[in-house]
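Architecture and fold: a report
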Amino acid sequence: GGGGGGGGDMALFGSISVREEFADKAAARELLVRVCNAVVPVMNKRKLRVGRVIEMHVPEGTRGVYGYNSNRGEKVAVRLRVTTRPGHFVPYDTALHTMLHELCHNVHGNHSHRFYTMLGE
């Protein structure tokens, strides 16, 4: 990996990784790190941690699936790409919303009323 940087905040995430097979993986990583940095205040407030944040593997033609959360935060996957073509990333706001959605699953496993109340905050 490249040099240090990043405050202690990133300790909330064990690791952050993107798909290695894409030529634009640096841009993907930049997007994912930006999303992770944006949710730090929420994570601190809620005392949430995530073991691994990964770029979700999206088979060609997959629609409507933007992320998942394994074992209440052990691993969170976020979809970063619209298609497998280089540079076709989802908008930042979409990736951010996905991350917040998946973080809510650290607390509420299902899409209950309480889940959506928390997401609304």
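Predicted model, so just to flag it, every value in this text is computed and none were measured.

Attention now goes to the pattern of salt bridges. One pass over the full model with this rule turns up 5 salt bridges. A salt bridge links R81 to D24; its shortest N-O distance comes to 3.0 Å. Of the two residues, R81 is situated in the loop between β4 (75–78) and α2 (92–104) and D24 in the loop between β1 (13–17) and α1 (25–46); the sequence distance between them amounts to 57 residues. Taken individually, R81 and D24 each receive the classification buried, so the pair is uniform in this respect. Ionic pairing is found between R81 and E55, a salt bridge with its closest N-O pair at 2.6 Å. One end of the pair, R81, is in the loop between β4 and α2; the other, E55, is in strand β2 (residues 50–55), with 26 residues separating them in the sequence.

Moving on, we get to the layout of surface pockets. Roughly 260 Å³ of internal volume is contained in the largest pocket. Lining the largest pocket are 22 residues, with V58, R79, R81, V82 and T83 positioned closest to its centre.

Parameters at a glance
Residues numbered from 1 in each chain as written. Predicted model: local features only at pLDDT ≥ 70, side-chain atom pairs only at ≥ 80, totals over all residues. Heavy atoms only, no water. Salt bridge = Lys/Arg side-chain N within 4 Å of Asp/Glu carboxyl O. Helix = DSSP H or I, 4+ residues; strand = E, 2+ residues; numbered from the N terminus. Buried < 20%, exposed > 50% of the residue type's maximum accessible area, 1.4 Å probe, protein only. 1 Å grid on protein atoms, 1.4 Å probe; cavity = no way out; pocket = protein on both sides within 12 Å on 5 of 7 lines; lining within 4 Å. Points joined across faces, edges and corners; volume = space filled by probe spheres on them.

As far as function goes, none of this settles anything; it's purely spatial.
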